[in-house]
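Secondary and tertiary structure notes
One-letter residues, chain by chain:
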Amino acid sequence: MTKILLAEDDDSMRTFLAAALRRAGHEIQDYADGETALHALEREVFDLLLTDIVMPGLDGIELARRGAELDPAMKIVFITGFAAVALSSSAPTPAGAKVLSKPFHLREIVDEVDKVMAA
């Protein structure tokens, strides 16, 4: 079982993703914003950070950077509808981070999580 922190500001997307990943046997803690998710990363160890990139306040890229500083072994997958724009900033994303662009089928996200954790 993979312990996953899910950060997604869209309530319906977060609910669907969390449900799909739980059905696949993963332990999920989900948060609606980057700040709350960061507090969870400061308190607990997660195997995987699954985060939207574009969120109000602390965005997914900064959340991932801070999370990688706290736990370099944690794997990171970005989910976004704005990958080309969001990832074009001059600051690098954490090494090995994967990007899954919306829209995607829930099965795709489960398969991507399995692939990332098997690597």
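Cut-offs and rules
Residues numbered from 1 in each chain as written. Predicted model: local features only at pLDDT ≥ 70, side-chain atom pairs only at ≥ 80, totals over all residues. Heavy atoms only, no water. Helix = DSSP H or I, 4+ residues; strand = E, 2+ residues; numbered from the N terminus. Buried < 20%, exposed > 50% of the residue type's maximum accessible area, 1.4 Å probe, protein only. Contact = heavy atoms within 4.5 Å. Areas by Shrake-Rupley, 256 points an atom, 1.4 Å probe, with all protein chains shown as cover. Axes fitted to C-alpha atoms, helices over the stretch in contact; angles between N-to-C directions. Parallel < 35°, antiparallel > 145°, perpendicular 65-115°, else oblique. Left-handed = near helix turned anticlockwise from the far one by under 90°. Nonpolar A, V, L, I, M, F, W, Y, C, P; charged D, E, K, R; others polar.

Okay, the overall build of the protein next. Along the protein, the regular secondary structure elements total five helices and five strands. By residue count, 44% of the 119 residues in the protein fall in the buried class. A sequence separation of at least 24 residues applies to 62% of the contacts in the protein between residues at least 6 apart. About 6,000 Å² of surface is accessible on the protein, with carbon and sulfur atoms providing 55% of the total.

Below, the discussion takes up the packing of helix α1 (residues 11–23) against helix α5 (residues 106–118). At a minimum axis distance of 10 Å, the contact between α1 and α5 shows a crossing angle of 55°. Considering their axes alone, α1 and α5 lie oblique with respect to each other. When you trace α1 past α5, the crossing you get is right-handed. Listed contacts from α5 to Phe16, Leu17, Ala20 and Leu21 of α1 are Leu106, Ile109, Val110 and Val113. Along the lines of polarity and charge, the residues of the contact of α1 with α5 split into eight nonpolar, no polar and no charged.

Put simply, helix α2 (residues 34–43) and helix α3 (residues 60–70) touch, their axes get as near as 10 Å, and they point 5° apart. Judged by the inter-axis angle, α2 sits roughly parallel to α3. Contacts between α2 and α3 involve Gly34, Ala37, Leu38, Leu41 and Glu42 on the former and, on the latter, Leu63, Arg66, Gly67 and Leu70. Taken together, the residues of the contact of α2 with α3 break down into five nonpolar, two polar and two charged.

Honestly, it's all geometry; don't read function into it.
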